[in-house]
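Chain and residue survey
Residues per chain are reported as follows:
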Amino acid sequence: MMSAFAAVLAVIAVALTVQVTALARSEWADPFVSAAPQRVPVLGGHEPATHAWSRFHVRYYPMTLVFVAFEMEMMFMYPWAVVFVEEGAKALVEMGMFLTILGVGIVYAYKERVFSWQ
Amino acid sequence: MAVTPIEVFVAAGADRWHEAQALRAHELVRLVPTPRHATVLLVAGTILESERAALDRVHDQLPHPREVVTWDEIAAAVDMADDVVDAVAFEIVGRADAVVADPTTSSPTRLPDEETHEWRDVGPFGQGGEGMMGGTPYGRAMAMTADDRDGLRLDRLQLRLGPFLGQLPGGLVADVALQGEVIQSIEFACAGSAPVVTGDRSVPVARRLLWLSHALHVQGLDAFAVRAARLARRSSGVGDDSRLASDFSSLRRRLRWTGLRSALRDVGDRDGVDTWARWSAHLDAISASLDGADPRLSPAGGSMPITAAELAETITGLTLTDAVSTIIGFDIDVPAMTTAAVEP
Amino acid sequence: MNEVEQLSAPLAIVVVSVVLVVGVYVSSVVGVVAFRSAAGQPLRPASAALFPAREARRLSRQQSVRTERPDMILRVLAPAGFLGLAAAAVTVIPLSPGIVVADVGTGIVLFGAAEALAIVAIFFHGWSPNSPFALVAGYRFVAVALSYELLSMFVLIGAAIPAESLSIGAIVESQADLWNVIRQPLGFPLFVIVSLGVTFSGPLDLLDSNDLAGGGSVEDSGIQRLAWQIARHAMRIAFAACAAAVFLGGWHGPLLPGGLWMALKTFAVIALLGFLDVFVARISAERFVRLAWGVLLPLAFLDLLIAGVGAL
């Protein structure tokens, strides 16, 4: 089992190394050097007045909270799926109750216009 | 052909912008949405004095090896108007091959090679310094806060979307204030009272088909944009124009399956007319003129005329995505906007 | 129960590399063919087959322009991380009856983790060049990503229920008599939507889209652009392989060896994704978020119910 994770890590490491090497050559050893006017962000011809990095108003922030709630529910569903067939109908009903409670949350969020932001 | 299509960025003035879209029909050439993807910069139409600096900046943004091709020079050298697109495409391919083979001939930087906003560390009065506090750290200013809804105060990005963008009509300049993705205010750089929409006027059907080609490109349907551009070329006389009406209706049938209607419905609603209604009006106008006696003129029909100020009002409060879709849905006549800027 | 021998690390790297290199090439060719057929251009299969190699060569000789004040570490890490996560996702998918690169007992969890972290890699891609269009594209994509993330987890759990295990190998074995695409009909379409989202193609191309001047890729040129495209296709391979394994019966099939069936089914899903990429218009982020939470998530619940009732 540990050797399986070792294999995964090795694969990730190799993929990362290959991409980083290819990019390193282009970013730090490029035969063409980017001139100053070339480095201006693309805005159709004018220079930007400010940096793009800013405190961006993430209008779907309440949606991310609902997402986190469902993620936590997902964590419980993983082991539930494994023992489901053993446990039988009881497991189905319990998970149904869990999902219904969260589903009520989604309906409320929908009414509160969490999912639209214009 | 043995090569991949040459990637071209079109920087076109308002008068030639639609014609330049006809290049989509060519297999040797691919029109890209950003100068960074392009090998060749195609300069078409009249570039106003106010736009020259912007054009130089866009030119400098292309990666090396790069070349510049000017539409008007080639048009002057070609006898018949219909062959201009072909001639331009061949010139583009030839110049691109040459510069890729010998990158030292790449078009040099036009603007002075100096940073306009230098990094300044500590100023004479102690302002500035490390990190992001005070002065002009890291070159440019940071976005300033402004009131947002619900009592929040968050940063407002002020952008001047320039005359040469792939998604907006050539020559259109808009000052946009964005908070998050939603537009808080937008101002078109032109007189507010100019009517700006061609929908109600008679224009050649080729022009409408070229509008369709660009609009499909913006909505993510590049392949159908190629089809529309090919129909536009055929309707203006290049190639076989005998079955235009049936080919256009088959294109329209295909578009039904792409989900365009559900993507554009209720977007940019103004007096009950949304973007999909405007698209339908344009498509109906094209069909009517292709079925009718005169294939070169499209009858009046389409959206009601609105002014630049009304367009700005429609777009305020929309996300940038929906705003671009709405602007494209109106078949905007940029020359009307820019001449109105001259005459108050 | 097939005996699965755990591959050693070097062999694992070789297998995943072969799968990804071949898969990325095939996926690019499929994309070209789909575009040409949609555009009404002659297909010219020879030029389509050589297209990815020529594009790669052309892009590798082009300058990689750097913007004014980018975040260089993230600029390099974004495509690298995206490819690494795609490679990790491929390791848990059984490629043939005896070959799973990483036989972890919780393959679905690892796959879901790779998918979730891919959101981070994609956001970095939009954040790093310090360019307004890229930033807006990155942020709006995260909204879409969080919405489809739940769909993918629900349908994979639904497929895990009859298999009584979280390992994708066990899920493939549980389809010996009936494929999940028939047993749980809602699962495959929802998973295709998720695949379109994670590779930002077709209707969910809210990252690199044309309406924001190329979106997250607005400042990409040269090798930077090539690296991002390769990573995107690699993720498409991973999701296509997962769809083939979890819903289309994996290596089950008459006559041909299991590995070949797996390859054919993966290719079918790649072709489906490639064609949807070209043929479907983009919908706005807000519209998809409302659709996902209002319509698709209840459908995922329904799929779970069908899976549960079917397994009892």
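**Structural notes on the interface of chain A and chain B**
Each partner contributes residues to the interface: chain A has 24 residues there, and chain B has 39 residues. Residue composition of the side of chain A that touches chain B, by class: 12 nonpolar, 9 polar and 3 charged.

**Some thoughts on the sheet that holds strand β8 (residues 174–179) of chain B**
The strands that make up a sheet are held in pairs by hydrogen bonds between backbone atoms, and each pair lies either parallel or antiparallel. Residue and element names in this part refer to chain B. Across the sheet, 3 strands lie side by side as β7-β8-β9; this open sheet has antiparallel pairing. Each edge of the sheet is formed by a strand with only one pairing partner; in this case those strands are β7 (157–161) and β9 (182–188). Along the sheet, successive strands turn relative to each other by an average axial angle of 20°, direction set aside. Pairing between β7 and β8: 5 bridges, direction antiparallel. The partner of R160 across the bridge, within β8, is D175.

**Points about the pairing of strand β1 (residues 6–12) of chain B**
Residues and elements named next belong to chain B. Most of β1 sits inside the fold, with 7 of its 7 residues counted as buried. Residue alternation in β1 divides its side chains into two sets, I6, V8, V10 and A12 and E7, F9 and A11, and both sets are buried. Here β1 runs beside strand β2 (residues 29–31); their pairing, made up of 3 bridges, is parallel. Bridge pairing in β2 places V8 opposite L31. With 5 bridges connecting them, β1 and strand β3 (residues 40–44) associate as parallel partners. Within β3, the residue paired with F9 across the bridge is L41.

**Here's the deal with the domain arrangement of chain B**
Often, the extent of an interface is quoted as the loss of accessible area on bringing the components together. All names here are of chain B. By domain assignment, chain B separates into domain 1 (6–105) and domain 2 (203–304). Once you take the C-alpha centre of each, domain 1 and domain 2 turn out to be 25 Å apart. The class makeup of the residues in the side of domain 1 that touches domain 2 is 3 nonpolar, 2 polar and 2 charged.

Conventions and cut-offs
- Residues numbered from 1 in each chain as written.
- Chains lettered and ligands numbered in written order.
- Predicted model: local features only at pLDDT ≥ 70, side-chain atom pairs only at ≥ 80, totals over all residues.
- Contact = placed C-beta atoms within 7 Å.
- Nonpolar A, V, L, I, M, F, W, Y, C, P; charged D, E, K, R; others polar.
- Pairing = 2+ DSSP bridges.
- Helix = DSSP H or I, 4+ residues; strand = E, 2+ residues; numbered from the N terminus.
- Axes fitted to C-alpha atoms, helices over the stretch in contact; angles between N-to-C directions.
- Buried ≥ 20, exposed ≤ 12 C-beta atoms within 10 Å, placed from the backbone.
- Domains from an automatic or database assignment.

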